[in-house]
Amino acid sequence: MRRAGITSDMMYIAGFGSILASVGTWALSMRTEKAGMHRADHWGIFVGEWAPTFFAVGVALRMEEEYGEEMPGERAERMKRRAREAMPVG
């Protein structure tokens, strides 16, 4: 996804947009469909379930943006160094 130009910020915006769309589809369904609250709840929940996926992909892309260029060994060494600085042993 990163190679396609999609950034973590775009995924976060999509997540928040999904939350707003969930409320919008719920309200629209309440007004236009005769099925009532039960049907509106189903539409709202269906669209609202997309938000965690967008946020999770956003986190994964953010991690790749920050650490994607490093080799796995370099990343491990940097993490060890940070851990040693945070918790001095001795």
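Coordinates for the structure precede this section.
Anyway, here's the lowdown on the structure attached to this text. (Residues numbered from 1 in each chain as written. Predicted model: local features only at pLDDT ≥ 70, side-chain atom pairs only at ≥ 80, totals over all residues. Heavy atoms only, no water.)

Another point: the pattern of salt bridges. Within the structure shown, the criterion is met by three salt bridges. Of the charged contacts in the structure, one is a salt bridge between D9 and R62, with a shortest N-O distance of 2.7 Å. Taken together, the residues D9 in helix 1 (residues 8–32) and R62 in helix 3 (residues 50–67) connect sequence positions 53 residues apart. For E65, the salt bridge goes to R62, with nearest N and O atoms at 3.5 Å. A residue pair is termed a helical-turn pair when its members lie 3 or 4 positions apart in one helix, as E65 and R62 do in helix 3 at three residues. You can call E65 partly exposed: its relative accessible area is 33%. Here R62 falls in the partly exposed class, since its relative accessible area comes to 29%. Salt bridges sharing partners connect three or more residues here, namely D9, R62 and E65. (Salt bridge = Lys/Arg side-chain N within 4 Å of Asp/Glu carboxyl O. Helix = DSSP H or I, 4+ residues; strand = E, 2+ residues; numbered from the N terminus. Buried < 20%, exposed > 50% of the residue type's maximum accessible area, 1.4 Å probe, protein only.)

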